[in-house]
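# Topology and contacts: notes
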Amino acid sequence: MTEFSVLDLIPVREGGGVAEALADATELARAAERVGCKRFWVAEHHAMDGIAGGATSVVLAHIGNATSRIRIGSGGIMLPNHTPFQIAEQFGTLDALFPGRIDLGLGRAPGAGPELQRALRKNLHQAAEYFPQDVAELRALLTGDLDLPIAATPGLGARPEMWMLGSSLFGAQLATKLGLPYAFAAHFAPDHLDAALELYRRDFEPSDTLDRPHVMVAMNVFAAPSEAEARLLASSQQQSFVRLRSGNPGKLPPPIEQYTSTLPAPARTMLDHIGQAAAIGTADMVASQVNDFIKRTRADEIMLCGATYDPAARIRSLEITMQALRTGEKAASTAT
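Quick summary incoming for the structure in this document. Treat the numbers as computed from the prediction; the structure is a model and nothing was measured. (Residues numbered from 1 in each chain as written. Predicted model: local features only at pLDDT ≥ 70, side-chain atom pairs only at ≥ 80, totals over all residues. Heavy atoms only, no water.)

### Examining the packing of helix α3 (residues 84-97) against helix α6 (residues 131-143)
Our working rule: Every axis in this analysis is a line fitted to C-alpha atoms, fitted for helices over the stretch in contact. Angles between the N-to-C directions lie between 0 and 180 degrees. Put simply, DSSP H or I for four residues or longer makes a helix, DSSP E for two residues or longer makes a strand, and each gets a number counted from the N terminus. For this classification, under 35 degrees means roughly parallel, over 145 means roughly antiparallel, 65 to 115 means roughly perpendicular, and everything else is oblique. The sense of a crossing depends on the near helix, which, turned anticlockwise from the far helix by less than a right angle, makes the crossing left-handed and, turned clockwise, makes it right-handed. Note on contacts: a residue pair is in contact if any heavy atoms of the two residues lie within 4.5 Å. Each residue gets one of three labels, nonpolar for Ala, Val, Leu, Ile, Met, Phe, Trp, Tyr, Cys and Pro, charged for Asp, Glu, Lys and Arg, and polar for the others, Gly among them.
Between α3 and α6, whose axes approach to 9 Å, the crossing angle comes to 40 degrees. Judged by the angle between their axes, α3 and α6 are oblique. In the crossing of α3 with α6, the sense of the turn from one axis to the other is right-handed. Together, Pro-84, Phe-85, Ile-87 and Ala-88 of α3 and Asp-134, Glu-137, Leu-138, Leu-141 and Leu-142 of α6 make up the contact between the two elements. Classifying every residue of the contact of α3 with α6 gives seven nonpolar, no polar and two charged.

### Some remarks on the layout of surface pockets
Operational definition: Here a cavity is any set of points on a 1 Å grid over the protein atoms alone where a 1.4 Å probe fits but cannot get out, and a pocket is any open set with protein on both sides within 12 Å along at least 5 of 7 lines; a residue lines the site when it has an atom within 4 Å of a point. Grid points are joined across faces, edges and corners, and a volume is the space filled by probe spheres set on the points.
Of the voids in this model, the largest pocket is the one considered here, and its volume is about 1,200 Å³. Lining the largest pocket we find 50 residues, and of these Leu-9, Ala-43, His-45, His-187 and Phe-188 sit closest to its centre. Mapped by element, the contributors of at least two residues to the lining of the largest pocket are β1 (3-8), β3 (71-78), β5 (161-166), α7 (169-178), β6 (182-184), β7 (215-223), α9 (227-245) and β9 (301-305). Considering each element in turn, the lining of the largest pocket owes the most residues, six residues, to α9. Per-class residue counts for the lining of the largest pocket are 27 nonpolar, 16 polar and seven charged. In this structure, the second largest pocket encloses a volume near 630 Å³. If you go around the second largest pocket, you meet 27 residues; those closest to its centre are Arg-139, Thr-143, Pro-160, Met-162 and Thr-209. Contributing elements (two or more residues each) for the lining of the second largest pocket: α6 and β5. When its residues are assigned to classes, the lining of the second largest pocket shows 12 nonpolar, six polar and nine charged.

### What about empty space enclosed by the protein?
Evaluation of the coordinates by the stated rule reveals two cavities of 30 Å³ or more. Its volume calculated, the largest cavity comes out at about 150 Å³. Together, 16 residues line the largest cavity, and Asp-8, Pro-11, Asp-24, Thr-308 and Pro-311 are the ones closest to its centre. If you list the elements that add at least two residues to the lining of the largest cavity, you get α1 (18-34) and α12 (311-335). Examining the composition of the lining of the largest cavity, we find that four residues originate from one element, α1, more than from any other. Looking at the lining of the largest cavity residue by residue, the class counts come to 10 nonpolar, one polar and five charged. Roughly 100 Å³ of volume is contained in the second largest cavity.

### Thoughts on the packing of α1 against helix α2 (residues 56-66)
With their axes 9 Å apart at the nearest point, α1 and α2 run at an angle of 45 degrees to one another. If you check the angle between α1 and α2, you find them oblique. Both α1 and α2 take part in a crossing whose hand is right-handed. Residues Leu-22, Ala-25, Thr-26, Ala-29 and Arg-30 of α1 lie in contact with α2, whose contacting residues are Val-59, His-62, Ile-63 and Ala-66. Tallied by class, residues from the contact of α1 with α2 come to six nonpolar, two polar and one charged.

### Let's talk about the pairing of β1
The cut-off we apply is this: For the exposure calls, accessible area comes from a 1.4 Å probe over protein chains only, and a residue counts as buried if that area is under 20% of its type's maximum, exposed if over 50%, partly exposed in between. Criterion used throughout: strands pair if DSSP finds at least two bridges between them. Clockwise travel from the first strand over the helix to the second, with the strands pointing away from the viewer, marks a crossover as right-handed.
The buried fraction of β1 is high, at five of six residues. Pairing of β1 with β9 involves four bridges; the strand directions are parallel. Residue pairing for β9: Val-6 is matched across the bridge by Leu-304. Pairing geometry for β1 and strand β2 (residues 39-42), over three bridges, is parallel. Bridge pairing in β2 links Asp-8 to Val-42. At this point the chain moves from β1, through α1, to the parallel β2, and the crossover so formed is right-handed.

### Points about the environment of Arg-202
One can find Arg-202 in helix α8 (residues 193-203). Taking C-alpha positions, Arg-202 is 44 Å from Glu-257, a pair spaced 55 residues apart along the chain.

### Brief notes about unusual backbone geometry
Here the residue pair Gly-75 and Gly-76 is connected by a cis peptide bond, since its omega of 10 degrees sits within 30 degrees of zero. Considering the arrangement of structural elements, one finds Gly-76 in strand β3. With an omega of 0 degrees, the peptide bond running from Thr-153 to Pro-154 counts as cis. Following the sequence through the fold, Pro-154 ends up in the loop between α6 and β5. Positive phi is not limited to glycine here, since Arg-121 has a value of about 60 degrees. By the element assignment, Arg-121 lies in the loop between α4 (115-120) and α5 (124-129). One non-glycine residue with positive phi stands out, namely Gln-258, at about 55 degrees. Of note, Gln-258 is situated in the loop between α9 and α10 (265-274).

Now the structure itself:
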């Protein structure tokens, strides 16, 4: 049975602030746990007015205290922004606070523009080149498999579930070599989806923690009682995508009816391209589109994404989606 999880960027709405965004994320995590999602992940982004998840491990500690069963984790930590030792300490602490519930998803991108390099006092391009070595060092800091000159406390002996994230072939190749589960960010970069999953499954090398390939794919999902309402909900994130690609990011804007019809052709083409990893519509429509995506990718897990201006609408969208998917699974099980 396919598992379903939630990715949240902690969006900051126009007219709102960081405290409100964090409160909304907390309610979304509680809803995800209530409807049976397996994981709730937060993504690291920096220096963006519309995203409040920069201090990812701090946010996860808060989410962990607000929930009781759902796995919580990073989708992901951008390791070039940090040292492996710092992340070992942070996620060792989280693992001690919430044992058996922590995921550590790792990405190579810095998560912001060149100004972040100056703010972090790091050469991020150079740091990205050492990403494979840093991942290996981080794992060793947690497991103690290598004889390192220093031990992370907390960290050593912690057992967060490590994931490799990616939107290209690079992450897939590294996941195969390290024997890690692999999550593909199709919700914003679907170009290499099929090739990356084929490479990962073909070349996977078993590890002590994973004996066969395990794939998660992220997609945008917006569900509502009517297709028109679902498309209206999706328009806030669509506006954010267009603004980001135009070099003008900002806070999450209110929805606009018939938004895509107002766009020039290049922007519509971009949204249509991203839309190949999306499901928008009523319960039946969304269930059909998600199941078609699962058939295409053969994903073991689907990460549900998609910010809405009204946080209550996102929770309702998640509830509609999960009910429709589980109802379909029960019907299929009964039929066989």
